[in-house]
Amino acid sequence: MWRNKTIWRYAWPGLLLCLAAVPALAQSTSTCLDCHATLDPPLQVTEQQFAADIHAQKGLTCASCHGGDPKLADMDAMSKKAGFRGKIEKKQIPELCGKCHSDGAYMRQYNPSLRTDQLAQYKTSVHGKLLAKGDLKVAVCTDCHGLHGLRPASDTRSQVHPLNVAKTCSRCHADAAYMKDHHIPTDQFAKYTTSVHFDALTVRGDLSAPTCTTCHGNHGAAPPGVDSVQNVCSNCHVFQSQLYEKSSHKAAFQRSALPGCMVCHGKHDISHPTDANLGAGPKAVCMQCHKPGDVCDQARVKILGNLTQLDDGIRGADQLLAAAEASGMEVSEARLEQDQARDALTKARVSIHRFRVDPVNQDVQAGMKIVAKNLQAGKDALRERDYRRMGLGVALLSIFMVLVGLRLYIGKMEQKAR
Ligand code: HEC
Ligand code: HEC
Ligand code: HEC
Ligand code: HEC
Ligand code: HEC
Ligand code: HEC
Ligand code: HEC
Ligand code: HEC
Ligand code: HEC
């Protein structure tokens, strides 16, 4: 008897729920999509397009952003009474997106690890500040993220995926006509695409190389100030930064408000540096400030001399070892050790950032010691080869002499016999 009672207590609310779900199931598709899939752009939003949107995938609907009632047919769906907001003006977009994305409690229900500072950060950016002043040319959330097919940043098809960011920014920043009233350069994209960083990112697929937003921030996009340029670079180039930090350039550049690393490397078109940058030719970076023959220039000449000495040394030893190997001598150990000399040269090229002779000289002497050892190994191998060749020559000569002697002896014997 009591069993039946329990069954009923649980069963009848369930039954009611099922009944309530029947009409909802029948109308599960959105009337908004029914109409808007058939309209012409820009009013068109297709089911396929919206299905790719992270918001649709998380169960949100058109009404989550636009208001209105996706269950009502006809234009009633877009009535004021159904809470329809009408067109969302560009100026209102950050607040609309921020309504959910700044709400930590709400976002946690979906994804506890997602940041909720985008709107707060955006307001500190040049984009956000100018928007507040009524400038409608700046980027708002949808300019960078897209709309109605919006994917998470981790999706390679997202406009804000690291491989696509530069193109997204360039839509405005490389368009001179669009940026005309803002009087800032529009060469960042063109220059960036010639840089070592772009090359590492796109050609070698090294996602640790920086794109626009790595240096500028994504939501707080502002040009790094003179003080923070070095911080931007030092996130990745730790050793160069540590040395530069101790150098007298750091203080001197700061006094004159010069932008640290950028003085010698540039910003958007950073290229692979070479020893020629330390020279006095067309690629020289030191001669912008130093005069030929002054104390600093003398240091520069010594530093360059040091690097050249090790570079030449390594090349000389490489050639000798290659010659030894080509003539069949065993020098594989010395050839392996050449890598240590090359490492010393790489280290010396980092050490130049102290802008003193001593640290570079130390690295170079350590490399030269290894080169000297390998050079000796190469010379020994070649001497050994010559020695073996001479031995072989002596042996051949003796055999030849024996043969000649034998022939003479046979000749004599034949004469005797006749
Ligand atoms: C019966 C077809 C139909 C339905 C249903 C419908 N729309 Fe529309 N919608 C239109 C047409 C036609 C226009 C353009 C007419 C206009 O400019 O007023 C429009 C315009 C819009 C606009 C642009 C408004 C503007 O001011 O430019 C938005 C946003 C929009 N609809 C969203 C929705 C949403 C959200 C829903 C569902 C809650 C929805 N629509 C349902 C046909 C429909
Ligand atoms: C995540 C929020 C969001 C969702 C979800 C969303 N929209 Fe929009 N929609 C916007 C924003 C923001 C704009 C204004 C874009 C602009 O002007 O740049 C917009 C613009 C529009 C426009 C006007 C286009 C124009 O240029 O006049 C239409 C029509 C529209 N949406 C329909 C829909 C329909 C239909 C759905 C559901 C299938 C939908 N939207 C889902 C945020 C959203
Ligand atoms: C009604 C609430 C709501 C509104 C309004 C809204 N979003 Fe979302 N958004 C969400 C939810 C929920 C998710 C899913 C989070 C998850 O599960 O990862 C999401 C996800 C995202 C993601 C992907 C995050 C990731 O995982 O990388 C982006 C980007 C995004 N939204 C941008 C926008 C933009 C831009 C707008 C304004 C046009 C907007 N959102 C408006 C609720 C909203
Ligand atoms: C200038 C371009 C730009 C603008 C404007 C922009 N975003 Fe983003 N957003 C990005 C980039 C780039 C990423 C990817 C970051 C990454 O790779 O981790 C991102 C990531 C996100 C994410 C994923 C979580 C996170 O913070 O990494 C959300 C959510 C998001 N944006 C929402 C918004 C909202 C909301 C707005 C407007 C208030 C907005 N974005 C404005 C470029 C932009
Ligand atoms: C919709 C067009 C648009 C897009 C997309 C856009 N920007 Fe901007 N951005 C602007 C405008 C307009 C300004 C204002 C320029 C000014 O007057 O300083 C600006 C300003 C800036 C500034 C400050 C420049 C300065 O010296 O004042 C930086 C940095 C910047 N954007 C970086 C980015 C990055 C990085 C991206 C891509 C993730 C991006 N922007 C995407 C339009 C855009
Ligand atoms: C390696 C870091 C780095 C990368 C990558 C980078 N920038 Fe910059 N950007 C800088 C620095 C540093 C400045 C100069 C700040 C200063 O002069 O105070 C700057 C300045 C700017 C400015 C201000 C105007 C100007 O040219 O001086 C804009 C706009 C800008 N960058 C946009 C971009 C865009 C768009 C991309 C991607 C195509 C990009 N940046 C990639 C570091 C970078
Ligand atoms: C997000 C990390 C990151 C940031 C930030 C960054 N770089 Fe790089 N940088 C790299 C990577 C990765 C490479 C490619 C290294 C390679 O060629 O193996 C690289 C290469 C270089 C090279 C060429 C090295 C060579 O041997 O060819 C120079 C010079 C350079 N960066 C300078 C800078 C300067 C100056 C800044 C600041 C304006 C900067 N980088 C900011 C990661 C970064
Ligand atoms: C006064 C000029 C100058 C300044 C300032 C400077 N560099 Fe350099 N940098 C050079 C020169 C010259 C080379 C080339 C050395 C060579 O190949 O002989 C170089 C080489 C490099 C290299 C690649 C070579 C290597 O193996 O180290 C990187 C990366 C680099 N610098 C990063 C930085 C960073 C990061 C800063 C700021 C903390 C910085 N540089 C500041 C002049 C400078
Ligand atoms: C933008 C101008 C500028 C550039 C470019 C520059 N220097 Fe300097 N350098 C200075 C100034 C200013 C000082 C003096 C610092 C002081 O008085 O404390 C200095 C000091 C030095 C010193 C003395 C350091 C010490 O600790 O006593 C050396 C060595 C030096 N520079 C070498 C170089 C080399 C090598 C390069 C090229 C890779 C170079 N500089 C590029 C401005 C520059």
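Worth saying up front: this structure is predicted, and the values here are computed from it rather than measured. By convention here, each chain's residues receive numbers from 1 onward along its written sequence. Throughout, the order in which chains and ligands are written sets their labels, letters from A for the former and numbers from 1 for the latter. Two thresholds apply to this predicted model, a pLDDT of at least 70 for residue-level local features and 80 or more for giving and counting side-chain atom pairs, whereas whole-chain, interface and lining totals are computed over all residues. Here the side-chain values reflect all heavy atoms present in the structure, with hydrogen atoms and water set aside.

**Points about the overall build of the chain**
Rules: The numbering of helices and of strands both runs from the N terminus, where a helix is a DSSP run of H or I of at least 4 residues and a strand a run of E of at least 2. Put simply, the radius of gyration uses C-alpha atoms, and a globule should come to 2.2 Å times the residue count raised to 0.38. Here the term buried applies to any residue with accessible area under 20% of the maximum for its type, exposed to any over 50%, and partly exposed to those in between, with areas from a 1.4 Å probe on protein chains only. Asp and Glu are treated as the negative residues and Lys and Arg as the positive ones, with His and the ends of the chain left uncounted. By convention, the charge on Lys lies at NZ, on Arg at CZ, on Asp at CG and on Glu at CD.
From N to C terminus, the chain includes 21 helices and zero strands. At 37 Å, the chain has a C-alpha radius of gyration far larger than the 22 Å of a compact globule built from 418 residues. With respect to the principal axes defined by its C-alpha atoms, the chain has extents near 135 × 70 × 55 Å. Within the span of the chain, comprising 418 residues, buried residues form 26% of the whole. Averaging the positions of the 51 positive and the 40 negative side-chain charges in the chain gives two centres separated by 3 Å.

**With respect to the coordination of the iron atom of ligand 8**
Heads up, the rule is: For Na, K and Ca the donor cut-off is 3.2 Å, and for all other metals it is 2.8 Å, counting N, O and S atoms only; because water is absent from this set, sites may look incomplete. Metal sites are grouped by the angles between bound donors: all angles between 85 and 135 degrees with four donors is tetrahedral, opposite donors over 155 degrees apart with the others between 65 and 115 is square planar for four donors and octahedral for six, and any other pattern is irregular.
Listed as protein donors to the iron atom of ligand 8 are His265 (NE2) and His353 (NE2); their distances from the metal cover 2.0 Å. For the iron atom of ligand 8, the six donor atoms in the first shell make angles of 88 to 179 degrees at the metal, so the coordination geometry reads as octahedral. Placement of the pair is His265 in helix 18 (residues 261–265) and His353 in the loop between helix 20 (332–351) and helix 21 (357–417), with a sequence separation of 88 residues. Assessed through its relative accessible area of 31%, His265 is described here as partly exposed.

**Some remarks on the site of ligand 4**
Stated formally: Working definition: residue near molecule or strand if any one of its non-hydrogen atoms lies within 4 Å of it. Here a polar contact is taken to be a pair of N or O atoms separated by no more than 3.5 Å, where protein atoms must pair a possible hydrogen donor with a possible acceptor and residues adjacent in sequence count only if both atoms sit in side chains. Classification convention: Asp, Glu, Lys, Arg as charged; Ala, Val, Leu, Ile, Met, Phe, Trp, Tyr, Cys, Pro as nonpolar; all other residues, Gly among them, as polar.
As a structural note, the neighbourhood of ligand 4 is formed by 18 residues, with Gln118, Cys141, Cys144, His145 and His219 the closest of them. In this structure, His145 approaches ligand 4 through a side-chain N or O atom, which is 2.8 Å from a nitrogen atom. Within the side chain of His219, one N or O atom sits 2.8 Å away from a nitrogen atom of ligand 4. Listed by contribution, the elements that provide at least two residues to the shell around ligand 4 are helix 6 (93–101), helix 8 (118–124) and helix 10 (141–145). When the residues that make up the shell around ligand 4 are grouped by side-chain class, the tally is 10 nonpolar, seven polar and one charged.

**Considering the coordination of the iron atom of ligand 7**
The protein atoms that coordinate the iron atom of ligand 7 are His197 (NE2) and His237 (NE2), at distances spanning 2.0 Å. Seen from the iron atom of ligand 7, its six donor atoms lie at angles of 87 to 179 degrees, and the figure they make is octahedral. Of this pair, His197 sits in helix 13 (residues 196–203) while His237 sits in the loop between helix 15 (226–234) and helix 16 (238–246), and the two are 40 residues apart along the sequence. Look at His237 and you get partly exposed, because its relative accessible area is 40%.

**With respect to the site of ligand 8**
Filter applied, for reference: For each domain, the first and last residues come from an automatic or database assignment.
Taken together, 23 residues are adjacent to ligand 8, and Cys261, Cys264, His265, Asp275 and His353 come closest. The separation between an oxygen atom of ligand 8 and a polar side-chain atom of Asp275 is 2.4 Å. The side chain of His353 places a nitrogen or oxygen atom 2.8 Å from a nitrogen atom of ligand 8. For the shell around ligand 8, the secondary structure elements donating two or more residues are helix 15, helix 16, helix 17 (248–255), helix 18 and helix 20. When the residues that make up the shell around ligand 8 are grouped by side-chain class, the tally is 11 nonpolar, 10 polar and two charged. Summarising the domain contributions, the shell around ligand 8 has at least three residues from each of domain 1 (233–271) and domain 2 (295–391).

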